[in-house]
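What the coordinates show
These are the residues of each chain, in order.
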Amino acid sequence: MSARIETAVGLDVGRIREDFPALRQTVHGHPLVYLDNAATSQKPRAVLDAIMRFYERDCANVHRGVHQLSERSTAAYEGARETVRQFLNAAAPAEIVYTRGATESINLVAQTYGRANLRAGDEIVVSGLEHHSNIVPWQMLAAEKGAILRVAPIDDRGEIVPEEYRKMLGPRTRIVALAQVSNALGTINPVREMIAQAHAAGAVALIDGAQAAPHMPVDVQDLDCDFYAFSGHKAFGPTGIGVLFGKASLLDAMPPWQGGGDMIRSVTFEKTTFNDPPYKFEAGTPHIAGAIGLGAAIDYVTTIGLDRVAAWEHELLVYGTEALERVPGLRLIGTARRKAAVLSFVLEGVHPHDIATILDGQGIAIRAGHHCAQPIMERFGLTATSRASLAFYNTYREIDALVEGLGKVREIFE
Ligand code: PLP
């Protein structure tokens, strides 16, 4: 495919790829074709430089020192929070809590908001396509509280059945927790409407944005979600850093989770008073370099523009869907009408792990397994799929390489 086509939505993908050192390597003697972005994304030079700059020049603890280095690191750490606020269009930086990732963000809500507000017999609604990290924390909470976990079913395309979801909402629903985008199928859920329906039933809504925030514009005020979770490492930032957005009124009223430094206002052996959000939820020395790296990643993708990212990834999805549909014996799993650039598939007579291993031999990185979403695999009568998941630095040529690679897989198994 020509470079001209790869700038069809105004993105110079060839130029962008130069910003990602990891994309330049060869694997098993082949140029790396990295199609495992739903698991984690590669990092642009700007992120690596920001982390390096912090450790080389500004390394000091935050919020505690009056010295120059601490002032610099605090400014960079809090500056990144403001960058995240703008990225999500949250109303205030106090609504942005740093966590280790989407998983910790969801656990934080379950363990603070959930523990404080749920009673026996209350209901938590999730959908059948959730990642384990948006299932297990709620199961744990339900077990502790005697609450009930209800699961909105998924149709054959991989979409949540809207009328079944609506029927599930009732006077006992306290929390609705939904993925904006499914990591296993790519389904984009109509979360704006679903949040409004949750609110109408009197529930709060948490959106798991792990697969959405890196790939499309997100506006938490427009969505009107109560909580929004995502991970830095899937958004071109470092591992070990993530975000929980929470509406200020909810974060204010929630009890803290972990105790320690920074989350307190004063401590005596008789009584401790807690700091305001977001610090109330950030006990101990935070992942300062991670937050700074995340800020740099967001600056990077924002400069490209999330609209253009989404448009290009959609082009790749359409191209990839058509190309994979032509592979004999291949069945796509997840054919929702609104999809992100995730291509999950099975190939007749070949185990997904064998596919991934053979492709790796050709330098092509995809994922095989249950994708930490066993219930949705079971819904399709499967234990595993192969999954190619795309990012804005992927190209038509890489999809061609995937299809050629699958041809070789078929030759081996014929
Ligand atoms: N939610 C979804 C939809 C995901 O795809 C993932 C990771 O794959 C997570 C949550 C958990 O993210 P992390 O492991 O970064 O906490």
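Analysis parameters
Residues numbered from 1 in each chain as written. Predicted model: local features only at pLDDT ≥ 70, side-chain atom pairs only at ≥ 80, totals over all residues. Heavy atoms only, no water. Helix = DSSP H or I, 4+ residues; strand = E, 2+ residues; numbered from the N terminus. Contact = heavy atoms within 4.5 Å. Near = heavy atom within 4 Å. Polar contact = N/O pair within 3.5 Å; in protein donor to acceptor, adjacent residues only side chain to side chain. Nonpolar A, V, L, I, M, F, W, Y, C, P; charged D, E, K, R; others polar. Buried < 20%, exposed > 50% of the residue type's maximum accessible area, 1.4 Å probe, protein only. Pairing = 2+ DSSP bridges.

To continue, consider the side chain of His215. Inspection of the secondary structure assignment puts His215 in the loop between β8 (204–208) and α8 (220–223). Contacts of His215, omitting those with residues within four sequence positions, involve Leu306, Val309, Ala310, Glu313, Leu390 and Ala391.

This next bit is on the site of the ligand. Taken together, 13 residues lie around the ligand, and Thr103, Asp208, Gln211, Ser231 and Lys234 are the ones closest in. Take His131: an N or O atom from its side chain is 3.3 Å from an oxygen atom of the ligand. Between the ligand and His233, the relevant distance is 2.7 Å, taken from an oxygen atom to a side-chain nitrogen or oxygen of the residue. Its residues assigned to classes, the shell around the ligand shows three nonpolar, eight polar and two charged.

This part is about unusual backbone geometry. Pro277 connects to Pro278 through a cis peptide bond whose omega is 5°. Despite not being glycine, Asn89 has its phi angle at roughly 50°, a positive value. Tracing the chain through its elements places Asn89 in the loop between α3 (68–88) and β4 (96–99). Backbone geometry at Asp224 places phi at a positive 65°, although glycine is not the residue there. Checked against the element boundaries, Asp224 lands in the loop between α8 and β9 (227–231). By relative accessible area, Asp224 is classed as partly exposed at 34%.

This next bit is on the pairing of β9. By the criterion of burial, β9 is predominantly enclosed, with five of the five residues buried. With burial as the criterion, each face of β9 is covered, one bearing Phe227, Ala229 and Ser231 and the other bearing Tyr228 and Phe230. Here β8 runs beside β9; their pairing, made up of three bridges, is parallel. Residue pairing for β9: Asp208 is matched across the bridge by Ala229. Sheet topology note: the β9/strand β10 (residues 242–246) ladder contains five bridges and is antiparallel. The residue of β10 that forms the bridge with Tyr228 is Phe245.

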